[in-house]
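Listed below are the residues making up each chain.
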Amino acid sequence: MKRLIDKIIPLYGILPLIACFATNMLVYCGAIIVCKEWKHYNLTLPIDNMIPLSSGWMYIYWGAYLFWVVNYVMVAHLHKNRKEVFYRFVTTDMLSRLVCGIFYFCMPTTNVRPEVVGTAFADTLLRLLYEIDPPANLFPSIHCLVSWMCYIGVRGNEKVPRWYRAFSCVFALLVVISTQTTKQHYIADAVSGLLLAEILYALNQRISLYRYVQDFFEKINHKLGLTNNREKNIE
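Below or above, wherever it landed, is the structure these notes cover.

Reading the values: rules and limits
Residues numbered from 1 in each chain as written. Predicted model: local features only at pLDDT ≥ 70, side-chain atom pairs only at ≥ 80, totals over all residues. Heavy atoms only, no water. Helix = DSSP H or I, 4+ residues; strand = E, 2+ residues; numbered from the N terminus. Rg over C-alpha atoms; globule rule 2.2 N^0.38 Å. Buried < 20%, exposed > 50% of the residue type's maximum accessible area, 1.4 Å probe, protein only. Contact = heavy atoms within 4.5 Å. Areas by Shrake-Rupley, 256 points an atom, 1.4 Å probe, with all protein chains shown as cover. Lys, Arg positive; Asp, Glu negative; His and termini not counted. Charge placed at Lys NZ, Arg CZ, Asp CG, Glu CD. Core = buried A, V, L, I, M, F, W, Y, C linked by side-chain atoms within 4.5 Å. Expected span 1.5 Å × (residues − 1). Polar contact = N/O pair within 3.5 Å; in protein donor to acceptor, adjacent residues only side chain to side chain. Phe/Tyr/Trp six-rings, centres within 6.5 Å; stacked < 30°, edge-to-face > 60°. Axes fitted to C-alpha atoms, helices over the stretch in contact; angles between N-to-C directions. Parallel < 35°, antiparallel > 145°, perpendicular 65-115°, else oblique. Nonpolar A, V, L, I, M, F, W, Y, C, P; charged D, E, K, R; others polar. Arc of directions from axis to C-beta.

Examining the overall build of the protein chain
For step 1, the next point in the chain: Scanning the protein chain from N- to C-terminus turns up nine helices and two strands.
For step 2, the next point in the chain: Relative to a compact globule of 235 residues, whose C-alpha radius of gyration would be 18 Å, the protein chain shows 19 Å and is just as compact.
For step 3, the next point in the chain: Taking all 235 residues of the protein chain together, 49% fall into the buried category.
For step 4, the next point in the chain: Look at the contacts in the protein chain between residues 6 or more apart in sequence, and 88% of them connect residues 24 or more apart.
For step 5, the next point in the chain: Only carbon and sulfur atoms are counted for the fraction: they give 68% of the accessible area of the protein chain, which is about 12,400 Å².
For step 6, the next point in the chain: Distance between charge centroids for the protein chain: 9 Å, based on 23 positive and 16 negative side chains.

Written as structure tokens, this is what we have:
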């Protein structure tokens with residue numbers, strides 16, 4: 001079973017990716033619960049009001065979740081013999097959520113969502129989204145941030161077919177647009193999400209913070225038997 005799983009995702013990458021997801025949920029859900037009754041700021045700009053609501057973009061918005069899973073697993077698979085690259089990526093991802101959390105707690109944000117009156121399936125999906133996801137934790141947009149991280153993870157990697165690298169870039173940008181046309185986020189949220197991903201990723205290429213993250217997970221992986229002695233940790 002381990003060999004089968006290892007062909008899809010390196011065993012050492014399972015816990016770090018789970019930790020990324022857990023950090024995301026802890027920050028996002030924690031901020032919603034704690035800051036529910038706090039004053040929230042609306043960062044809506046005049047240009048945001050010029051963008052019409054379009055529920056058809058819900059397919060892109062929901063499709064982002066599958067995109068995230070595929071590309072994050074791909075990043076782990078691509079670098080199974082280059083752990084440093086993978087752990088720099090993981091460190092960037094987790095650090096970005098902590099930075100988002102600082103904003104969510106120190107400057108809670110909200111927006112005013114329009115009424116969805118259509119009867120199409122996409123309209124139903126949009127109403128469902130509005131019901132389960134309150135208008136909070138908007139700045140920076142995690143939806144935009146994670147989608148751009150998916151592109152960063154494969155950008156410039158010759159092991160990834162050129163068409164898929166192009167697809168990842170285009171789809172990430174489509175996700176950004178979907179956050180605007182569904183009125184889940186506004187321009188300030190999207191721009192800040194993309195900038196945060198790029199800034200933190202560039203920072204983690206120059207510092208050694210990833211080593212602490214790598215050491216932590218490798219100790220746990222060793223205890224759980226999720227290591228492969230044949231894997232090489234090369235630069």
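Details of the side chain of Asn-71
For step 1, the next point in the chain: Checked against the element boundaries, Asn-71 lands in helix H3 (residues 58-78).
For step 2, the next point in the chain: By relative accessible area, Asn-71 is classed as buried at 0%.
For step 3, the next point in the chain: For Asn-71, the contacting residues outside a window of four places in its chain are Cys-150, Val-154, Tyr-164 and Ser-168.

Overview of the nonpolar core
For step 1, the next point in the chain: Counting 46 residues, the largest nonpolar core has Phe-67, Tyr-72, Phe-86, Tyr-87, Leu-145, Trp-148 and Met-149 as its most contacted members.
For step 2, the next point in the chain: Contributions of two or more residues to this core are made by helix H2 (11-34), H3, helix H4 (83-106), helix H6 (142-154), helix H7 (162-181), helix H8 (187-204) and helix H9 (209-224).
For step 3, the next point in the chain: Sort the elements by how many residues they give to this core and H6 lands first, with nine residues.
For step 4, the next point in the chain: Beyond its immediate chain neighbours, meaning those up to four positions away, Phe-86 contacts Tyr-12, Gly-13, Pro-16, Leu-17, Val-75, Ala-76 and His-79.

A look at H6
For step 1, the next point in the chain: For H6, which comprises 13 residues, the first-to-last C-alpha distance of 19 Å matches the rise-based estimate of 18 Å (1.5 Å per residue) to within 8%.
For step 2, the next point in the chain: With 13 of 13 residues buried, H6 lies mostly within the body of the structure.
For step 3, the next point in the chain: Where H6 begins, the side chain of Ser-141 points an oxygen toward the backbone nitrogen of His-143, at a separation of 3.4 Å.
For step 4, the next point in the chain: Gly-156, located one to two residues past H6, shows a positive phi value of around 75°.

Side note on the packing of aromatic side chains
For step 1, the next point in the chain: This structure, assessed with the given rule, holds 15 aromatic pairs.
For step 2, the next point in the chain: Plain terms: the ring middles of Trp-62 and Tyr-65 are 5.8 Å apart, the flat faces sit at 40° to each other, and that makes the pair tilted. With Trp-62 and Tyr-65 both in helix H3, this residue pair falls three residues apart, about one helical turn.
For step 3, the next point in the chain: The structure contains a cluster of three or more aromatic residues connected by ring pairs, namely Phe-67, Trp-163, Tyr-164, Phe-167 and Phe-171.

Comments concerning the environment of Cys-20
For step 1, the next point in the chain: Tracing the backbone shows Cys-20 in helix H2.
For step 2, the next point in the chain: Residues Cys-20 and Met-94 lie 74 residues apart in sequence; the distance between their C-alpha atoms is 5.6 Å.

Considering the side chain of Asn-137
For step 1, the next point in the chain: Looking at where Asn-137 falls in the secondary structure, it is placed in the loop between helix H5 (121-132) and H6.
For step 2, the next point in the chain: Reaching out from Asn-137, the side chain makes a polar contact with the backbone oxygen of Tyr-28 at a distance of 2.8 Å.

Description of the environment of Trp-57
For step 1, the next point in the chain: Along the chain, the position of Trp-57 falls in the loop between strand S1 (41-42) and H3.
For step 2, the next point in the chain: Trp-57 sits in the partly exposed class, given a relative accessible area of 23%.
For step 3, the next point in the chain: The spacing of Trp-57 and Phe-89 is 32 residues in sequence and 28 Å in space, taken between C-alpha atoms.
For step 4, the next point in the chain: Beyond its immediate stretch of four places on either side in the chain, Trp-57 contacts Leu-174, Ile-177, Ser-178, Thr-181 and Thr-182.

Thoughts on the packing of H3 against H5
For step 1, the next point in the chain: The contact between H3 and H5 brings their axes to 9 Å, and the two run at 55°. Between H3 and H5, the crossing angle belongs to the class labelled oblique. Within the contact between the two elements, H3 uses Met-58, Tyr-59, Tyr-61 and Trp-62 and H5 uses Phe-121, Ala-122, Leu-125, Leu-126, Leu-129 and Ile-132.
For step 2, the next point in the chain: Tallied by class, the residues present in the contact of H3 with H5 amount to 10 nonpolar, no polar and no charged.

Points about H9
Helical periodicity: at 3.6 residues per turn, an α-helix aligns residues three or four positions apart in one direction.
For step 1, the next point in the chain: Along its 16 residues, H9 runs 24 Å from first to last C-alpha, staying within 8% of the 22 Å computed at 1.5 Å per residue.
For step 2, the next point in the chain: Along H9, the residues that are buried comprise Tyr-210, Val-213, Gln-214, Phe-217 and Asn-221. Each buried residue of H9 sits inside an arc of 95° when the element is viewed along its axis, so together they form one side. In H9, the exposed positions angled more than 90 degrees off the buried face are occupied by Tyr-212, Lys-219, His-222 and Lys-223.
For step 3, the next point in the chain: Along its buried surface, H9 packs onto H2 and H4.
For step 4, the next point in the chain: Immediately beyond the C-terminal end of H9, within one or two residues, lies Gly-225, with a positive phi of roughly 75°.

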